[in-house]
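Remarks on the overall topology
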Amino acid sequence: MLLTELESKKLLSQSGINVNETELATYRDEAISLSKRLGFPVVLKIVSPDIVHKSDAGGVRLGLNTPEQVGEAYDGILKAIREKYPNARIDGVSVQKMAPPGVEVIIGMYKDAQFGPVLMFGLGGVWVEVLKDVSFRIVPLTREDAAEMIREIKGYALLKGFRGQEPVDISNLEEMMLKISSFVEQNPRIKEMDLNPVFAYARGAVAVDARVVVEDNAQ
Ligand code: ADP
Ligand code: MG
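Please read all numbers here as calculations on a predicted model, not as lab measurements. (Residues numbered from 1 in each chain as written. Chains lettered and ligands numbered in written order. Predicted model: local features only at pLDDT ≥ 70, side-chain atom pairs only at ≥ 80, totals over all residues. Heavy atoms only, no water.)

**Quick look at the sheet that holds strand β5 (residues 92–97)**
Quick note on the threshold: Two strands qualify as a pair provided DSSP detects at least 2 bridges between them. Runs of E in the DSSP output that reach at least two residues are strands. Runs of H or I that reach at least four are helices, and both are numbered from the N terminus. Axis lines are fitted to C-alpha atoms, over the contacting stretch for helices. Their N-to-C directions set the angle, which ranges from 0 to 180 degrees. Here, residues are in contact when the closest pair of their heavy atoms is within 4.5 Å.
Here 4 strands make up an open sheet; going across it, the order is β2-β5-β3-β4 and the pairing antiparallel. The sheet is open, and its two edges are formed by β2 (22–25) and β4 (60–64), each paired on a single side. Taking the axes of each pair of neighbouring strands and ignoring which way they run, one obtains an average angle of 25° across the sheet. In the sheet, strand β3 (residues 42–47) pairs with β5 via 6 bridges, with the strands oriented antiparallel. Considered in β5, the bridge of V43 is made with Q96. Of the strands in this sheet, β2, β3 and β5 touch helix α2 (residues 28–38), which is tilted by about 160° from β2. Relative to the sheet, helix α3 (residues 67–84) contacts β2, β3, β4 and β5, its axis offset from that of β3 by approximately 25°.

Set out below in structure tokens:
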């Protein structure tokens with residue numbers, strides 16, 4: 001069973017993993033009032049247990065600056081999804097603040113047939129998708145595992161500060177991976193998960209998207 005971004009973030013934040021505040025709107029005016037409360041610019045995303053890749057489906061609108069833009073995005077997302085996926089169950093549309101730019105990293109987990117839960121770390125975008133520049137360790141992670149996972153990817157230079165950019169908070173990322181490792185240990189029914197992307201900053205890091213898959217028939 002695929003948990004939505006909202007359900008996944010709720011679960012993760014209960015375990016002390018830093019996710020951005022994300023609210024559910026079920027009608028247009030609610031999306032607008034949530035945007036005003038959170039503060040512009042905001043991001044709107046489709047919330048559906050049947051849609052795995054929200055942007056591919058036309059279900060993500062970034063950098064919305066006014067109530068009008070939010071209203072249009074709300075209608076536009078629902079229209080696009082209903083056209084492309086007429087049978088998808090729709091919970092609503094999530095509203096969250098547009099996060100300041102950071103280095104995008106991915107933290108994932110899957111269950112290996114031999115080793116059990118394995119954590120994956122990599123940089124977002126082409127780094128993972130095209131270059132497969134990722135590192136893996138078996139759960140439970142030690143502090144050394146977390147440190148090595150970050151340092152052994154080829155893109156590590158980007159995290160250390162590149163062309164005058166400030167280095168990202170590596171120890172915070174290590175902490176986040178250790179928390180994810182204990183979260184996975186404490187929740188054996190979790191089959192798979194992805195925090196993609198996590199925005200890493202000079203101070204701290206925050207997951208702006210999350211996807212957790214729970215086993216259907218586990219005891
Ligand atoms: P999906 O992976 O299902 O397509 P995401 O929620 O990851 O959808 O959104 C797609 C992309 O939009 C992300 O990779 C990220 O670059 C950007 N994005 C998503 N949420 C935010 C946010 N709150 N602030 C800034 N950028 C975001
Ligand atoms: Mg994503």
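Back to the text.
**A short note on the nonpolar core**
Note that soluble globular proteins tend to have their nonpolar side chains buried in a common cluster. The line we're drawing: Throughout this description, the term nonpolar core refers to a set of buried Ala, Val, Leu, Ile, Met, Phe, Trp, Tyr and Cys residues connected via side-chain atoms within 4.5 Å. Burial classes: relative accessible area under 20% of the type maximum marks a residue as buried, over 50% as exposed, and values in between as partly exposed (1.4 Å probe, protein chains only).
Counting 38 residues, the largest nonpolar core has F121, L159 and M193 as the members making the most contacts within it. Those elements giving two or more residues to this core turn out to be β6 (103–112), β7 (116–123), α5 (143–151), α6 (156–159), α7 (170–186), β9 (190–200), β10 (205–207) and β11 (210–214). If you tally residues by element for this core, the top one is α7, at 8 residues. In this structure F121 touches V105, I106, I107, D133, V134, S135, M149, I150, I153, L159, L173 and M177, once residues within four positions along its chain are discounted. Counting residues in hydrophobic clusters, the runner-up holds 20 residues, among them I32, I46, A57 and A88.

**Let's talk about the domain arrangement of the chain**
Threshold: Boundaries between domains were set according to an automatic or database domain assignment.
What the domain assignment reports for the chain is domain 1 (21–97) and domain 2 (103–214). Taken over C-alpha atoms, the centre of domain 1 sits 27 Å from the centre of domain 2.

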